[in-house]
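# Coordinate inspection notes
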Amino acid sequence: MIAASSPTDHNRLSSSGAPPPGWQALLRQAVTDPAELLRMLDLGPQWLEPARQAAAIFGLKTPRGFVARMRKGDPADPLLLQVLPLHAELQAIPGYVADPVGDLASTQGAGLLHKYTGRALLVTTGACAVHCRYCFRREFPYSEHLAAAANWQPALQAIAADDDIHEVILSGGDPLSLADHKLRALTDGLQTIPHVRRLRIHTRYPIVLPERIDKSFQQWLRALPWRVAIVIHANHANEIDARVEQALAGLTACGATLLNQSVLLRRVNDEADALITLSEKLFTAGVLPYYLHLLDPVRGAAHFDVEAGVAADLMRTMAARLSGYLVPRLVREQAGAPYKTPVAW
Ligand SMILES: *Cc1c(COP(=O)(O)O)cnc(C)c1O
Ligand code: SF4
């Protein structure tokens, strides 16, 4: 068979002769049907109806490569629990609300969230590679608050007009959902603003769809004029396999500084061993722990909550067993606070 590929694709041909699917194809193939996810993991039908009901509010979405890292037949798998819609999401719990961190109040239009001095966060897209059940933006009205990817001008003008903004944070949704040419159009515009000195990218792609870190993406990253911090988002060591390590090495090779933020989640990573193993595995992959967030009280996620007292115990155990630089900072986000609030332990 003669593959209709460009010459640069030749080294990527698999043994079958076909090029491996690109990240956009893999994204389209993500699992969105609860019945299929349960079938892939040999889980019984008792999970199906609740999953369908909860998915009607916030859909299931998980790349197949992420599913492949889950244990079959284990409804308590720490990766599965992050993505499987559960009946518990449907219960109304006092204090758990749609916008727990006050993002709507901080939106300045043009998709720019300027909550903290010196840095501003750009909501570049509402799309993500995965739907995390605990996400504090699960009900964020993205369509009304996007820095329109078709036209970055309003966002660029807002950044240019505020010379307090030294660091631009690409966020979302997940900014790596945008095609490379859209990212390039944005950073070309940012390069014309002299007070922008740093770029930061918050993304789960290197973890959940590591194929996103392809040659074209790395060319874009390498050509940026700033030092770039990339904050990945892993909650459990099982998320990091050889393919993920390869993607992370690719980012490091482009000169990026890699940091990780986790959310402390009941039954996912609320044990000292899980957190310690995560920190060690991250470091081996070239990533330093940054934040460990207490759960934002978003509607539908109360079953993930870990009490601050339990979190403090976990921090003390971690500090006693890990090098200081492998201990993340325990924080919570409080609407109106001038920075992520440190939680004492
Ligand atoms: C979390 C966040 C930041 C970044 O805060 P750091 O403490 O610098 O990581 C910036 N802007 C917004 C709106 C945020 O939510
Ligand atoms: S990738 Fe981030 S923004 Fe997207 S659903 Fe997960 S936590 Fe939320």
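Residues numbered from 1 in each chain as written. Chains lettered and ligands numbered in written order. Predicted model: local features only at pLDDT ≥ 70, side-chain atom pairs only at ≥ 80, totals over all residues. Heavy atoms only, no water.

A separate point is the site of ligand 1. Taken together, L113, K115, Y116, R119, L121, I169, R200, Y290, Y291, E333 and K340 are the residues near ligand 1. In the model, an oxygen atom of ligand 1 is placed 2.6 Å from a nitrogen or oxygen of the Y291 side chain. Note that an oxygen atom of ligand 1 is positioned 2.9 Å from one of the side-chain N or O atoms of K340. Its free accessible area being 380 Å², ligand 1 has 92% of it covered by the protein chains. Examining the composition of the shell around ligand 1, we find that three residues originate from one element, strand β1 (residues 112-116), more than from any other. Split by residue class, the shell around ligand 1 holds six nonpolar, no polar and five charged. (Near = heavy atom within 4 Å. Polar contact = N/O pair within 3.5 Å; in protein donor to acceptor, adjacent residues only side chain to side chain. Areas by Shrake-Rupley, 256 points an atom, 1.4 Å probe, with all protein chains shown as cover. Helix = DSSP H or I, 4+ residues; strand = E, 2+ residues; numbered from the N terminus. Nonpolar A, V, L, I, M, F, W, Y, C, P; charged D, E, K, R; others polar.)

Let us now look at the domain arrangement of the protein chain. For the protein chain, the assigned domains read domain 1 (31-90) and domain 2 (103-342). When each unit is reduced to the centre of its C-alpha atoms, the spacing between domain 1 and domain 2 is 24 Å. Between domain 1 and domain 2, the residue contacts involve 23 residues of the former and 25 residues of the latter. Counting each side, the surface lost to burial between domain 1 and domain 2 is near 2,100 Å², with a carbon and sulfur contribution of 56%. Counting across the interface, domain 1 meets domain 2 through three salt bridges. Ionic pairing is found between D241 and R69, a salt bridge with its closest N-O pair at 3.3 Å. Taken together, the connections running from domain 1 to domain 2 amount to 14 residue pairs in polar contact (both at pLDDT 80 or more). Contributing elements (two or more residues each) for the side of domain 1 that touches domain 2: α3 (48-55) and α5 (80-83). Across the side of domain 1 that touches domain 2, the residue classes break down as 16 nonpolar, three polar and four charged. (Domains from an automatic or database assignment. Contact = heavy atoms within 4.5 Å. Buried area = accessible area lost by both parts, 1.4 Å probe. Salt bridge = Lys/Arg side-chain N within 4 Å of Asp/Glu carboxyl O.)

Let us now look at the site of ligand 2. The local shell around ligand 2 consists of C128, V130, C132, C135, G173 and R204. Broken down by class, the residue content of the shell around ligand 2 amounts to four nonpolar, one polar and one charged.

Now for the side chain of H202. One can find H202 in strand β4 (residues 198-202). On the basis of relative accessibility, which here comes to 16%, the residue H202 falls in the buried class. Engagement of the side chain of H202 in a polar contact is seen with the side chain of R200, the distance being 3.2 Å. Sequence-distant contacts of H202, that is, excluding residues within four places in its chain, are made with I169, L170, S171, D174, P175, V231 and Q261. (Buried < 20%, exposed > 50% of the residue type's maximum accessible area, 1.4 Å probe, protein only.)

What follows covers the nonpolar core. Among the nonpolar cores identified, the biggest contains 79 residues, and L37, V168, L190, L199, L221 and I230 are the most heavily contacted of them. The element contributing the most residues to this core is helix α11 (residues 242-253), with four residues. A domain split of this core shows at least three residues from each of domain 1 (31-90) and domain 2 (103-342). The contact partners of L190, leaving out residues within four places of it in the chain, are L156, I159, V168, V196, L199 and W226. Residues A272, M315, L326 and V343 belong to the second largest nonpolar core, which totals 16 residues. (Core = buried A, V, L, I, M, F, W, Y, C linked by side-chain atoms within 4.5 Å.)

The next point concerns the pattern of salt bridges. Under the definition given, this model contains 14 salt bridges. Between R133 and E89 there is a salt bridge; the shortest N-O distance is 2.9 Å. With R133 in the loop between β2 (119-123) and α7 (153-160) and E89 in the loop between α5 and α6 (103-106), the pair connects residues that are 44 residues apart, well separated along the chain. Here R133 and E89 have matching classes, each one buried. Ionic pairing is found between D273 and R321, a salt bridge with its closest N-O pair at 3.0 Å.

A large share of strand β3 (residues 167-171) lies buried, amounting to five of its five residues. The two faces of β3 match: E167, I169 and S171 on one face and V168 and L170 on the other face are all buried. As defined by bridge partners, β2 adjoins β3 across five bridges and the pair is classed as parallel. If you follow L121 over to β3, its bridge partner there is I169. Summarising the sheet, β3 and β4 pair through four bridges and their orientation is parallel. Counterpart to V168 in the pairing with β4 is L199. Between the parallel pair β3 and β4, the chain is carried across by helix α8 (residues 180-190), and the sense of this crossover is right-handed. (Pairing = 2+ DSSP bridges. Right-handed = clockwise from strand over helix to strand, strands pointing away.)

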